Amino acid sequence: MGAMSTWKVWITGVFLAVFLTDRLTNAIAFRRENITTTLGPQLSNGAQIILPHNAGFVQATQRWSLFDPPHFTAVVEVGTEEDIATTVKFANKNNIPFLAVTGSHGTIACLGKFNGIEIRMRKLNSTVISEDGKTATFGGGKRSGEVIEALWAAGKQTVSGICECTGFLGPALGGGHGVLQGKYGIASDQFVSMRMVTADGAIREVSSSGPNSDLWWAMQGAGHNFGIVTSITSKVYDVPDGGLWSYETYVFSYDKVEAVFETINWLAQHQPPGMFNRDVIYRNPSVDPKNPILQVDLLQESVSAVAPNFTSPFRKLGPMSVGSGSGTYKDIPKWTGVNFNSIACNVADTSKIRFPIGLVSYNATAQQALMDTFSQVIGPDSPFNVSQVLFEGYSMYGVKAVPDNATAFPHRGDNQLVTVAMVNAPRPELDAQAVRIGNKLRQVLLEGSGSTELHAYVNYAAGTESLQNLYGFEPWRLKRLKELKAKYDPQDRFGYYAPIPV
Ligand SMILES: Cc1cc2nc3c(=O)[nH]c(=O)nc-3n(C[C@H](O)[C@H](O)[C@H](O)COP(=O)(O)OP(=O)(O)OC[C@H]3O[C@@H](n4cnc5c(N)ncnc54)[C@H](O)[C@@H]3O)c2cc1C
C-alpha cells in the first residue's frame, strides 16, 4: 500500500471515530433528555423522576444488602398502574433495563448485572377489602407490615412474610413463607387475581380463568420473571380469638444440638396448623464466648401460654435459659426481630448473602456437623462472626393441601427451611469468602439429607444455585416455565431476579 492510500485510510478512520463518538454522545444525551422531557410529561401527577444528582436518589436506591446490588441510573417513582406501563414502554423503546423495587430486600447475585431504571412501587399502597370480607386487593407497592396493619384494623389477616419491611409481593411471587401457612397455605396460595404489566408494556388481568390464565400458574412461585404486579387480590380471614399468640424461647448450648433437632423433628409431626418454630445458630459472646449457641422459639396461636405437651420435651433437654410471653399476631415480627424498628429492617452497610436448603426432616448428626463446621469456620474473631443459620419450621397442613403441580412453587414436600445467612463488610474478597463458607455449610446439610437434589427457596437464594435448585427438578416444570417465558418475555426484560433463560 502506498503512502497516499495509508493516509486516506487513516483520515477515514479518524472521521469514522469522530462520527461514531458524536452519535454515541448524542445517544446518551438523547437518553438523558428522554427520561425527564419525554417520559416525564407522560406520567401521572403523583409520579416523580429522581436522577442521581437529585435529593432523594440515595434513599430511593438503598438496599438491604450491599452484596452484588443492582445499579440504578434513574428512579421512576410511579403513582399509577399506567405510569408503570408507560415507563416499561419508554424503557423498551430506548433499550434501557428496568427493575421493580418495593421493599429493597431482594439479594441474589444476578441483580448485580442490572444497570438501568428503578420502577419504585411504594406509592401503590392501597387496601380495599371486599364487601363479603373474603378477599382484599392491595396495591403492588405494599410492604408486608402494611398489609398486616391494614387487615388488622378490619379484624382480618392473610399469609404474608413475617418481616414487616419486605415487600408483600417480593416474597409472595416466589411462594411466600409465613406464620399462617399451616392454616391457609403459602402467600401465593391466597392469590385470587392480579393486574400486572408484562414485558411489552401491556396491562393484563391475570387469574385462573380468562385470556392470560396460562400465566397464573407461573405467577405463584416464579412470578418475578413475568411482569410487574400492580395490584393483587388475595383471600383474607377473620382473626380468631382476638389474635392471641404466645411464645416460649430457649437457649441451648453447643452440646445439645443433636437432641434439640431430634425434638424439632418430633414437633414437626405434631405441631397444629396455628403453630411454628423458628430457630437460629449464632454467636453470642455474652452467653458463650467460645462456641455458637442454638436458640429455639416456639410460637402458638389462640393460647395464653404455649401448650405444655410442646414445651416440656424442650425444657427436659436442659436449656441454658427459658423465656416466654404472649401478645397478638401483630407482635410476632417484634418477637422474631423483623419488625419495622429492628436491625433487620434498617438498611445497614453490610453485605448479606443467604444459602437456603429445604429439608424433609433433620438429620441430627448432620445438624451437629453443621454446628461444628460453623464453629470452626466462623470463629469469634472472624469477619463473619455475626452470621447465622436460620431454621424455619412452619406447620405444613395448608401448604400440602394444595396439589404439588398446581403452582410453580416446587418445594411443598420440604417441612424445614434452613438458611445460612452470611454477613460481612462489603469487600469483594470477603464476599467471595462468604460464598465459599455459605456453600460449604449448606453442603453439610445436603449430604446429611441423603438426597443429591438441593432445594433452594428462590427468595433466599444466593445466585449460585441452578435452575433446578430454584424451580424444581421435574423436567415438566422447567419446560413449562421456559415456554411461558418465551411467550410473555421473549426479550428477557425480567432477567435479573432468579431469571429463567428464554
Ligand atoms: C429480613 C428478611 C426477612 C424475610 N422474611 C421472609 C419471610 O418471612 N417469608 C418469605 O417468603 N421471604 C422472606 N424474606 C425474603 C424475601 O422474600 C425476599 O428478600 C424478597 O426479594 C423481598 O422483596 P422486596 O420487595 O422487599 O425486595 P425488592 O428488592 O424490592 O424486590 C425483590 C424482587 O422482586 C421483584 N418485585 C418487587 N416488587 C414487585 C412487584 N410489585 N411486581 C413484580 N415483581 C416485583 C423484583 O424482581 C425485585 O428485584 C425475607 C428477607 C429478609 C431480608
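Residues numbered from 1 in each chain as written. Predicted model: local features only at pLDDT ≥ 70, side-chain atom pairs only at ≥ 80, totals over all residues. Heavy atoms only, no water.

Engineer: A description of the site of the ligand should follow, citing residues and the corresponding values.
Structural biologist: Close to the ligand lie 33 residues; T102, I162, V229, Y457 and Y497 are nearest. Within the backbone of S104, an N or O atom sits 2.9 Å from an oxygen atom of the ligand. Measuring from an oxygen atom of the ligand, one finds a side-chain N or O atom of Y457 at 2.6 Å. The protein chains hide 97% of the 950 Å² of surface that the ligand would expose on its own. In terms of residue class, the shell around the ligand is made up of 16 nonpolar, 15 polar and 2 charged. (Near = heavy atom within 4 Å. Polar contact = N/O pair within 3.5 Å; in protein donor to acceptor, adjacent residues only side chain to side chain. Areas by Shrake-Rupley, 256 points an atom, 1.4 Å probe, with all protein chains shown as cover. Nonpolar A, V, L, I, M, F, W, Y, C, P; charged D, E, K, R; others polar.)

Engineer: Give a description of the environment of N424 that names residues and reports values.
Structural biologist: Of note, N424 is situated in strand β18 (residues 416–424). Distance from N424 to T36, taken between C-alpha atoms, is 38 Å for residues 388 residues apart in sequence. Here N424 is in contact with T350, S351, P383, F384, L430, D431 and A434, once residues within four sequence places are set aside. Side chain to side chain, N424 and D431 meet in a polar contact 3.2 Å long. (Helix = DSSP H or I, 4+ residues; strand = E, 2+ residues; numbered from the N terminus. Contact = heavy atoms within 4.5 Å.)

Engineer: Report on the domain arrangement of the protein chain, specifying residues and quantitative values.
Structural biologist: Domain boundaries assigned for the protein chain yield domain 1 (1–38), domain 2 (39–120), domain 3 (127–239 + 478–488) and domain 4 (242–472). Once you take the C-alpha centre of each, domain 2 and domain 3 turn out to be 21 Å apart. Contact with domain 2, which involves 13 residues of that partner, is made by 15 residues of domain 3. Counting each side, the surface lost to burial between domain 2 and domain 3 is near 1100 Å², with a carbon and sulfur contribution of 70%. Of all residues in domain 2, E81, T102 and H105 bury the most surface against domain 3, accounting for 47% of the area lost on that side. (Domains from an automatic or database assignment. Buried area = accessible area lost by both parts, 1.4 Å probe.)

Engineer: Got a sec to walk through the sheet that holds strand β13 (residues 275–282)? Specific residues and values, please.
Structural biologist: Spatially, the 7 strands line up as an open sheet ordered β15-β12-β14-β13-β17-β18-β16, and their pairing is antiparallel. The sheet is open, and its two borders are formed by β15 (321–328) and β16 (351–359), each paired with just one other strand. Pairs of neighbouring strands in the sheet enclose a mean axial angle of 15°, with direction left out of account. Sheet topology note: the strand β12 (residues 244–252)/β15 ladder contains 8 bridges and is antiparallel. Looking at the pairing, T249 lines up with G323 of β15. In the packing of helix α11 (residues 364–377) onto the sheet, contacts are made with β13, β14 (293–301), β16 and β17 (388–394), and the angle to β17 comes to roughly 155°. (Pairing = 2+ DSSP bridges. Axes fitted to C-alpha atoms, helices over the stretch in contact; angles between N-to-C directions.)

Engineer: I'd like to hear about the nonpolar core, residue by residue, with values.
Structural biologist: Ranked by internal contacts, the top residues of the largest apolar core, which has 73 residues, are M194, F226, Y471 and L481. Considering every element that reaches this core, the biggest residue donor is helix α7 (residues 213–219), with 5 residues. With near-sequence residues (within four places) excluded, Y471 lies in contact with G221, A222, N225, A408, P410, V458, R477, L478, L481, Y497, A498 and I500. The next biggest cluster of nonpolar side chains, apart from the first, holds 43 residues, and it includes I357, L370, M422 and L446. (Core = buried A, V, L, I, M, F, W, Y, C linked by side-chain atoms within 4.5 Å. Buried < 20%, exposed > 50% of the residue type's maximum accessible area, 1.4 Å probe, protein only.)

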